[in-house]
Amino acid sequence: MPTLNRPPLRVIVEHDSPMPMRDGTILRGSVHRPEEGGPFPALLVRTPYGEGTFRMIPVIPALEAGFAVVLQHCRGRGSSDGEFRPWLDEGADGHDTIAWITSQPWSNGEVVMSGMSYLAGCALQAAATRPPGLKAVVASMTPHDFHDGLKYHGGAFALGSALNWGAMQAMLGLQHAEEAGEDTGAGFAALLPVLGDQAAAARTLPVGSIPGIPWWREWTSHPERDAYWEGLAETLRHDRIEVPVMHIAGWFDLFLPGVLENHRRLGGPLVIGPWSHLTPGGSGTGRLDFGPAASAQAIGLERRQLAFLKGEDTGPAVKIFVMGDDVWRDEESWPLARAVETRYHLHTGGLLSPEPPASDEPATFTFDPRDPVPTTGGPTLLADPTNVGPQDQRDVELRPDVLCYTTGVLDADVEVTGPLSVTLRAETSATATDWTAKLVDVHPDGRAMSVIDGIVRTTAPAGTFTVDLVATSQVFKAGHRIRVQISSSNFPRFDRNPGTGRPAAEATEADLVVQHQKVFPGSYITLPIVPR
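From a predicted model like this one, the values you see are computed outputs, not experimental measurements.

K.L.:
I'm lost on the overall build of the chain in this one. Help?
P.N.:
Along the chain, the regular secondary structure elements total 12 helices and 24 strands. For the chain, the C-alpha radius of gyration of 24 Å lies close to 24 Å, the compact-globule estimate for 532 residues. Residue burial in the chain is summarised as follows: out of 532 residues, 57% are buried. A separation of at least 24 residues holds for 73% of the contacts in the chain among residues at least 6 apart in sequence. Surface summary for the chain: the accessible area is close to 21200 Å², and the carbon and sulfur share equals 52%.

As structure tokens, this is what we get:
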């Protein structure tokens, strides 16, 4: 019988340890440290989601790796004092918390940070302040910018994720205020209908009038990258980050473009799995299960992250999960140097082919913003947690406002790995419009499973437009077909374009106009095809 000779690790835990910030605000958190030995380096994780997040942090593995662990509530959240202002205070508060940690008698003066999503943003924002003592960061599934890729994509407002996250944070703020003895009746009265039916709230017009979320008007009234967003960007200056950073991403995560841009700017190891924001490290996403080997556990990702934080990582520079083949693969860099950018042309009759079309006759459809194309899978963060990742598109493709372009049945596997985009020669009858594109894997049994999608908002009635589909690693197997969908909406992932040129956040029902669309030959998708 195997016998493990493991002595007990006795741990001292201090709950609600007070940590003063430079402005006098007291933040609080839990400190876990071995009872014996020391001094210790510390792993710091900061969260705006309350104590429940603490239970998800791998405290025991970190302690066994030799770290003390500090789990802190962001200001205005959990047991910390102050007012929560999304992203504004995290850099300075992270800097001050690191200073507090390094002043403790149990600290050896070294701190590392880790987290996912907002928590990873807290780590990067702290790193941008260059605090003495910070040595490394692991940043998972987090944006690189607060306008581009977080609240706006291709110029369109990321309505679904902003509404879902904003409503949740508004609720946490009201609970925090209630615990402090404040009257929260009016706040809950405004917020509860939004929380209770986000689908109905998303159809509110004007979009900017959705109630109950304190920061909503700021987010929606600044569609362009103006001084408001530039001010936030100053809290995440990549050129100020000097510590090594490890990046974790998911092919179906809404922050995939952010992670890839963080990696491009900062360098460091990159791991991309077949995961969404709500299934990080899992084996399945949406309607597809990629098998147990797809999980983070299968590749020992937690151990590798701790090794990286200790300065002992020996893993590959890039590790990606190749969907279709459903295997992990190590690479030397991202994007792959051997990938060949290949144009597949959109033919008006519905063919998708490497050969350019001979005719210049456009394909047409009519978009009515009162009846937008429903979001069906993709890199989402919606109130419905099942509406994410690869989903069967057959119902969507029955709509008259969705154009489909499809290859013939593939004789051999085609691997698409890397950044990809759709270039449209297009025209609208409206003053302004959106163009959406979606890459689809059509299976032999007829299932049309989404791979990745994107959008671009334009005020030009005609021209050449690029829809960024970010990136993927998908093998279209022999017997399958490659498909591209084109339309003008993806709701509620993105807000609806009224078509009048009026800012979408201000548009009323009376502003919505029917938009007659043309997509011309000369349009194509650029696929990074990897020779096999």
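K.L.:
What's the story with the pairing of strand E5 (residues 107–116) in this structure? I'm lost.
P.N.:
Where strand E3 (residues 40–47) and E5 come together, four bridges link them in parallel fashion. Note that in E5 the partner of Leu44 across the bridge is Met113. Inspection of the sheet shows E5 paired to strand E6 (residues 134–140) by six bridges, in the parallel sense. Across the sheet, residue Ser114 finds its bridge partner in E6, namely Val138. A crossover links E5 with its parallel partner E6, the connecting element being helix H4 (residues 118–127), and its sense is right-handed.

K.L.:
Sorry, what's going on with the UniProt feature "domain: Xaa-Pro dipeptidyl-peptidase C-terminal" (unreviewed entry) in the chain here?
P.N.:
Feature annotation in UniProt assigns "domain: Xaa-Pro dipeptidyl-peptidase C-terminal" (unreviewed entry) to the following positions: residues 307–526. Secondary structure across residues 307–526 divides into 3% helix and 45% strand, with the first and last C-alpha atoms of the span separated by 38 Å.

K.L.:
I'm lost on the pattern of salt bridges in this one. Help?
P.N.:
Taken as a whole and judged by the stated rule, the model has 40 salt bridges. Salt-bridge contacts for Arg329 lead to Glu331; the nearest nitrogen and oxygen are separated by 2.7 Å. Relative accessible area serves as the criterion here: at 10%, Glu331 is assigned to the buried category. The shortest N-O distance in the salt bridge between Glu415 and Arg532 comes to 2.7 Å. Here Glu415 is found in strand E19 (residues 414–428), whereas its partner Arg532 is found in the segment after strand E24 (515–530), with 117 residues between them in sequence. Look at Glu415 and you get buried, because its relative accessible area is 1%. For Arg532, a relative accessible area of 55% gives the class exposed. A single salt-bridge network, built from bridges that share partners, covers Asp325, Arg329, Glu331, Arg338, Asp413, Glu415, Lys477 and Arg532.

K.L.:
What is the right way to look at the sheet that holds strand E23 (residues 481–487) in this model?
P.N.:
What holds strands together in a sheet is hydrogen bonding between their backbones, with the strands either parallel or antiparallel. Sheet architecture is open: four strands sit in the order E18-E23-E20-E21, paired in antiparallel fashion. The sheet is open, and its two edges are formed by strand E18 (403–406) and strand E21 (448–458), each paired on a single side. On average, adjacent strands in this sheet sit at an angle of 20° to one another, irrespective of strand direction. The sheet contact formed by strand E20 (residues 433–442) and E23 spans seven bridges and is antiparallel. Bridge pairing links Val440 to Arg483 in E23.

K.L.:
Would you mind going over the domain arrangement of the chain with me for this structure?
P.N.:
A common way to state how big an interface is: give the accessible area lost once the parts meet. Segmentation of the chain into domains returns domain 1 (11–146 + 236–331), domain 2 (152–230) and domain 3 (340–530). Our count for the domain 2 to domain 3 interface comes out at zero salt bridges. The dominant element in the side of domain 2 that touches domain 3, judged by the number of residues it contributes, is helix H5 (residues 159–179), at four residues. Here the residues of the side of domain 2 that touches domain 3 are counted per class, giving eight nonpolar, nine polar and one charged.

K.L.:
I'm lost on the environment of Gly324 in this one. Help?
P.N.:
Along the chain, Gly324 turns up in the loop between strand E13 (318–322) and strand E14 (327–331). In this structure Gly324 comes out as partly exposed when scored by relative accessible area, which is 30%. Leave out the neighbours within four places in its chain, and Gly324 touches Gln474, Val475 and Lys477.

K.L.:
Please explain the packing of aromatic side chains as it appears in this structure.
P.N.:
The description of two aromatic rings rests on the distance between their centres and on the angle between their planes. For the structure shown, the criterion picks out 20 aromatic pairs. Their ring planes at 25° and their centres at 5.9 Å tell us that Trp215 and Trp219 sit as a pair that is stacked. For Trp215, a relative accessible area of 10% translates into the label buried. Since its relative accessible area comes to 0%, Trp219 is described here as buried. Between the aromatic rings of Trp435 and Phe465, the centroid separation amounts to 6.4 Å while the plane-to-plane angle is 25°, which identifies the pairing as stacked.

K.L.:
For this particular structure, what's the right way to read helix H11 (residues 301–309)?
P.N.:
Because the α-helix completes a turn every 3.6 residues, residues three or four places apart line up on one side. Judged by how many residues are buried, H11 sits mostly within the fold: seven of nine residues are covered. The inward-facing, buried residues of H11 abut E3, helix H2 (59–64), E5, E6, strand E9 (245–252) and strand E10 (270–276). Once H11 ends, the next one or two residues include Gly311, with phi positive near 80°.

K.L.:
In this structure, what is going on with the nonpolar core? I would like to understand it.
P.N.:
For soluble globular proteins, nonpolar side chains are generally found buried alongside one another. Among the nonpolar cores identified, the biggest contains 61 residues, and Val137, Ile213, Trp216 and Trp219 are the most heavily contacted of them. Three or more residues apiece are contributed to this core by two domains, here domain 1 (11–146 + 236–331) and domain 2 (152–230). Discounting residues that sit within four places of it in the chain, Ile213 has contacts with Leu163, Gly166, Ala167, Ala170, Leu191 and Trp219. Ranked by size, the runner-up nonpolar core spans 47 residues in total, among them Val59, Phe252, Phe308 and Val530.

Calculation notes
Residues numbered from 1 in each chain as written. Predicted model: local features only at pLDDT ≥ 70, side-chain atom pairs only at ≥ 80, totals over all residues. Heavy atoms only, no water. Helix = DSSP H or I, 4+ residues; strand = E, 2+ residues; numbered from the N terminus. Rg over C-alpha atoms; globule rule 2.2 N^0.38 Å. Buried < 20%, exposed > 50% of the residue type's maximum accessible area, 1.4 Å probe, protein only. Contact = heavy atoms within 4.5 Å. Areas by Shrake-Rupley, 256 points an atom, 1.4 Å probe, with all protein chains shown as cover. Pairing = 2+ DSSP bridges. Right-handed = clockwise from strand over helix to strand, strands pointing away. UniProt positions renumbered as here; feature names shortened; annotations may be inferred. Salt bridge = Lys/Arg side-chain N within 4 Å of Asp/Glu carboxyl O. Axes fitted to C-alpha atoms, helices over the stretch in contact; angles between N-to-C directions. Domains from an automatic or database assignment. Nonpolar A, V, L, I, M, F, W, Y, C, P; charged D, E, K, R; others polar. Phe/Tyr/Trp six-rings, centres within 6.5 Å; stacked < 30°, edge-to-face > 60°. Core = buried A, V, L, I, M, F, W, Y, C linked by side-chain atoms within 4.5 Å.

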